[in-house]
Structure formats: C-alpha cells, structure tokens
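Each chain, letter by letter, is given below.
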Amino acid sequence: MTILDGKGTAQEIRKELKGKVESLKGNGERPPHLAAVLVGDDGPSHTYVNAKVKDCRQIGYESTLVDLPATISEKELLDKVDNLNNDDNIDGFIVQLPLPDHIDENKIIAAINPNKDVDGFHPENFGRMALNLPSFVSATPRGIVELLHRYEIETEGKNCVVIGRSNIVGTPISILMSRNNKVGNATVTVTHSRTKNLKELTRQADIVIAAIGNPYFLKADMVKDGAVIIDVGMSRVEDASKKRGYRLAGDVDFEKVKEKASHITPVPGGVGPMTRAALLLNTYRAYSIKK
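As a starting point, this report considers the structure included with it. (Residues numbered from 1 in each chain as written. Predicted model: local features only at pLDDT ≥ 70, side-chain atom pairs only at ≥ 80, totals over all residues. Heavy atoms only, no water.)

### Some words on the packing of helix 2 (residues 43-59) against helix 10 (residues 271-290)
Moving on, step 1. Running from N to C, helix 2 and helix 10 point in directions that differ by 55°, and their axes come no closer than 11 Å. Comparing the axis directions of helix 2 and helix 10 gives the class oblique. At the point where helix 2 passes helix 10, the crossing takes the right-handed sense. Taken together, the residues of helix 10 that come into contact with helix 2 (itself represented by Y48, A51, K52, D55, C56 and I59) are T275, R276, L279 and L280.
Moving on, step 2. Here the residues of the contact of helix 2 with helix 10 sort into 6 nonpolar, 1 polar and 3 charged. (Axes fitted to C-alpha atoms, helices over the stretch in contact; angles between N-to-C directions. Helix = DSSP H or I, 4+ residues; strand = E, 2+ residues; numbered from the N terminus. Parallel < 35°, antiparallel > 145°, perpendicular 65-115°, else oblique. Left-handed = near helix turned anticlockwise from the far one by under 90°. Contact = heavy atoms within 4.5 Å. Nonpolar A, V, L, I, M, F, W, Y, C, P; charged D, E, K, R; others polar.)

Shown next as structure tokens:
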C-alpha cells in the first residue's frame, strides 16, 4: 500500500513555482499576484485563506487579503469583485465560500472575470473544462489529477466511482477522469444520496473518489483489494483527547481501508494540500495569460 502524500507533492509544486518566480524577478518582472476575498468570521474559511497567504509568501507571490464583515451587502460585495476585476496588478482572485445567507453565491461567482477566476467556479470556466478547452479547472479536482499524474497512477480503462456530485468536486472530477487525457480515459460512475446500489458499485471500482463530507463513510467492505482511494472529505469530529476538542476526519475509514487499497490519500495531508497547490498553479497560469 502506498500513501499518496499530498503534503509532500504540494511542497514539490511550490518549490517548482518558487524557481519560476525567482527567474521572473531576476529578469526584472513582477511576480504573480493572488487576492482572496473573505466575508465574515467563519473559522475554517479563515484558516484556509491564511494558509493560502502563507503559501504565496513561501514561493514569492504577492498576495492581498480583502477581509470584509458578514454584514456587507450583496451590492457592496459585487462592487469589490468589480474592483478586483479591473485591477491590473492582480492576476487572479477567489471569493472564499461559503458566503452569508443574504448573498447569492452564484451571482458573485458569475461576476468574477473568467480570466481571473483561479478557483475555476465561473460557468464559463466550467463549460470550457467540460468541453476540454483551455480553462481554469477547480482547484480540488485539478489537485487530484496532479496527484494521480505525479504518482503515475494508471487511469485508462479503469472503473472509477465518484461519491458525490457537487459542482466544486464531484461533477468536475467525473468529467476530468473520463475525458481523453493522460490522467483520464476512465469509465466513470457518479453516485450520490439517491444511489441504491452504492456498495455494489464501489466494490467493482478500481478508483474510488469520495467527496461527500460524511466522516468514515467508505468502509473496508465497500472496496476491492488493490483499489486506489482518493479521500476528499474533511470534517471535524469531536475528540476530547485533542487540545482543540476535535480531530479532522475524511470520508474514508482510513485505518481499515488502507489494508485493502493499493494507494490511498490520508486526511489531513492528502487532497487538502493539493487543492492549495492547484490554486497556485492556476494563479501562475492567470499571470502568464496576461503577459
């Protein structure tokens, strides 16, 4: 069994990007600039955005954090997005989700310039990705593909089951795994809460991608020997033995499933770091497009 080390792989990507940034600076050019819009005081969102700022600092990107109160109106937020769209010094930006209930997330996402949409959520980028045209691919699916590529996981002709159909992970990764690319050409089944024979499907899968946010959902008796397991889940589970009162858990019963898997991602340290690395890759692409 091989652990798919997302943390170590993400560090390799940051090292590669740092080298590119140093070359840019050596030629007298400015580095890429990533901005993040954070609305409200959601704890996990703050943690995630702060990690992105740290990543930028580590590789030499410029970064801007736009920290806004939860009471901001939808119009005011749209105005902020418009300002970022028109700021030539910012190559790409994200609006961290979730947003407060009084703000329409779809309206905000649609207002982002597709050429600066490094999260890959804009309908234009999603559509171009589905058509296998140049686009910004959502960070988590792109991170998964990058991890499979760097570990040389064979996907062609494989049976891949995706658990979850969200627009952020499940649906885009199902498209990426099925299209005609080096990491792709798999036969993909998308499953969800209405799927009746889920266990039967996952037991036939060569690759299982679990992305439903349900701790320890995928059990050992749901996978076949030698399967590749990608765990996208990241939930907080109460744990009195931990100083912070909780532990992070994935969608996979890791300790039991790893005994059957050929390759598996841990939580934490698997898909999460790759998501952040993919965001940095997307930002570099946005910067390159502008050049």
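More follows now that the structure is in view.
### Structural notes on the side chain of H122
Moving on, step 1. With respect to the helices, strands and loops of the structure, H122 is situated in the loop between helix 4 (105-111) and helix 5 (123-130).
Moving on, step 2. Overall, H122 belongs to the buried group, its relative accessible area being 10%.
Moving on, step 3. Polar side-chain contacts of H122 include one of 3.1 Å to the backbone oxygen of A110. (Buried < 20%, exposed > 50% of the residue type's maximum accessible area, 1.4 Å probe, protein only. Polar contact = N/O pair within 3.5 Å; in protein donor to acceptor, adjacent residues only side chain to side chain.)

### Overview of the sheet that holds strand 3 (residues 62-68)
Moving on, step 1. Spatial strand order, 3-2-4: 3 strands in an open sheet with parallel pairing. Either end of the sheet is taken by a strand with one partner, and the two such strands are strand 3 and strand 4 (92-95). Looking at each pair of strands side by side, their axes are set apart by 15° on average, direction ignored.
Moving on, step 2. Here strand 2 (residues 33-39) runs beside strand 3; their pairing, made up of 7 bridges, is parallel. Note on strand 3: the bridge partner recorded for L34 is S63.
Moving on, step 3. Helix 2 contacts strand 2, strand 3 and strand 4 of the sheet and is inclined by roughly 160° relative to strand 3. (Pairing = 2+ DSSP bridges.)

### Thoughts on the pairing of strand 9 (residues 235-238)
Moving on, step 1. On strand 9, burial follows the alternation: S235 and V237 on one face are buried, whereas R236 and E238 on the facing-out side are not.
Moving on, step 2. In terms of strand pairing, strand 9 meets strand 10 (residues 246-249) through 4 bridges, oriented antiparallel. Bridging across to strand 10, E238 finds its partner in Y246.

### Observations concerning the environment of V228
Moving on, step 1. If you trace the backbone, V228 turns up in strand 8 (residues 228-231).
Moving on, step 2. Residue V228 is classed as buried on the basis of its relative accessible area, which comes to 7%.
Moving on, step 3. Along the chain, V228 and H263 lie 35 residues apart, while their C-alpha atoms are 4.8 Å from each other.
Moving on, step 4. What V228 contacts, discounting residues up to four positions off in sequence, is L4, L148, I153, D206, I207, V208, S262 and H263.

### Details of helix 1 (residues 6-26)
Since one α-helical turn is 3.6 residues long, residues separated by three or four positions face the same way.
Moving on, step 1. Here helix 1 contains 21 residues, and its C-alpha end-to-end distance of 30 Å stays within 8% of the 30 Å for a straight helix at 1.5 Å per residue.
Moving on, step 2. Buried within helix 1 we find G6, T9, A10, I13, R14, L17, V21 and L24. An end-on view of helix 1 places all buried positions within 140° of arc, on one side of the element. Seen from the buried face of helix 1, the exposed residues on the opposite side, beyond 90 degrees, are K15 and G26.
Moving on, step 3. Remark: G28 follows helix 1 within two positions and exhibits a positive phi of approximately 80°. (Expected span 1.5 Å × (residues − 1). Arc of directions from axis to C-beta.)

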